[in-house]
Structure formats: structure tokens, C-alpha cells
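Okay, here's what each chain looks like letter by letter:
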Amino acid sequence: RLPKKDNPRRALWLENSRRRDASGEGRWDPASKYIYFCSQHFEKSCFEIVGFSGYHRLKEGAVPTVFESTSPRPPR
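Procedures and definitions
Residues numbered from 1 in each chain as written. Predicted model: local features only at pLDDT ≥ 70, side-chain atom pairs only at ≥ 80, totals over all residues. Heavy atoms only, no water. Phe/Tyr/Trp six-rings, centres within 6.5 Å; stacked < 30°, edge-to-face > 60°. Helix = DSSP H or I, 4+ residues; strand = E, 2+ residues; numbered from the N terminus. Lys NZ or Arg CZ within 6 Å of the ring centre and 35° of its normal.

## Some remarks on the packing of aromatic side chains
Turning to step 1, where the next piece is worked out: Applying the stated criterion across every chain, the model contains 4 aromatic pairs.
Turning to step 2, where the next piece is worked out: Here Trp 13 and Phe 37 contribute two aromatic rings whose centre-to-centre distance is 5.2 Å and whose plane-to-plane angle is 75°, an arrangement assigned as edge-to-face. A residue pair is termed long-range when its members are at least 10 positions apart, and Trp 13 in helix H1 (residues 9–17) and Phe 37 in the loop between H1 and strand S1 (47–50) qualify at 24 residues.
Turning to step 3, where the next piece is worked out: Centre to centre, the rings of Trp 13 and Phe 42 are 5.3 Å apart; their planes meet at 65°, and the pair counts as edge-to-face. Of this pair, Trp 13 sits in helix H1 while Phe 42 sits in the loop between H1 and S1, and the two are 29 residues apart along the sequence.
Turning to step 4, where the next piece is worked out: Linked through ring pairs, Trp 13, Phe 37, Phe 42, Phe 47 and Phe 67 together constitute an aromatic cluster.
Turning to step 5, where the next piece is worked out: The ring of Trp 28 carries Arg 19 above its face, with NZ or CZ at 4.2 Å from the centroid.

This is the structure:
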């Protein structure tokens with residue numbers, strides 16, 4: 001989940017996403033507290049294996065860095 005507004009990592013997550021607000025001028029900063037980033041936006045080293053099940057959990061302090069370098073895809 002996107003870190004809360006009082007967390008300094010939030011700015012890194014939003015900057016790395018390269019997403020802009022609706023006007024296209026400023027950086028995207030969603031009001032909803034239910035914004036999730038897909039695991040594909042994190043390097044494999046950002047995850048740790050938990051328990052015997054092999055569940056992968058995002059490490060504390062992980063920042064998404066894997067994004068396409070091209071312009072965003074058109075909406076579906």
C-alpha cells in the first residue's frame with residue numbers, strides 16, 4: 001500500500017511512479033488511503049520470504065523503482 005502522508009517514503013513512491021495529477025502539471029498525490037502498487041514495480045530484492053508457506057512480503061523501507069520508461073498506456 002502507498003505509505004501514509006506523514007511517511008517520508010511516500011514522496012519517493014510518488015516521484016518514482018512518474019504519474020501526474022489530473023491537470024498534468026503537478027505530481028500525483030491521491031487522497032485515498034487505499035492505493036496499492038503492484039509487486040511488478042518492485043525489484044526481487046525488495047521482498048522477503050515469510051514462514052514455511054513461501055509467502056513473499058515487501059521489506060520495510062522498500063521503494064518501487066520498476067516502471068516503464070515510455071509514456072503511459074491509454075486507459076482500458
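## Things to note about unusual backbone geometry
Turning to step 1, where the next piece is worked out: At Arg 18, a residue that is not glycine, the phi angle is positive and equals roughly 60°.
Turning to step 2, where the next piece is worked out: Within the element layout of this structure, Arg 18 appears in the loop between H1 and S1.

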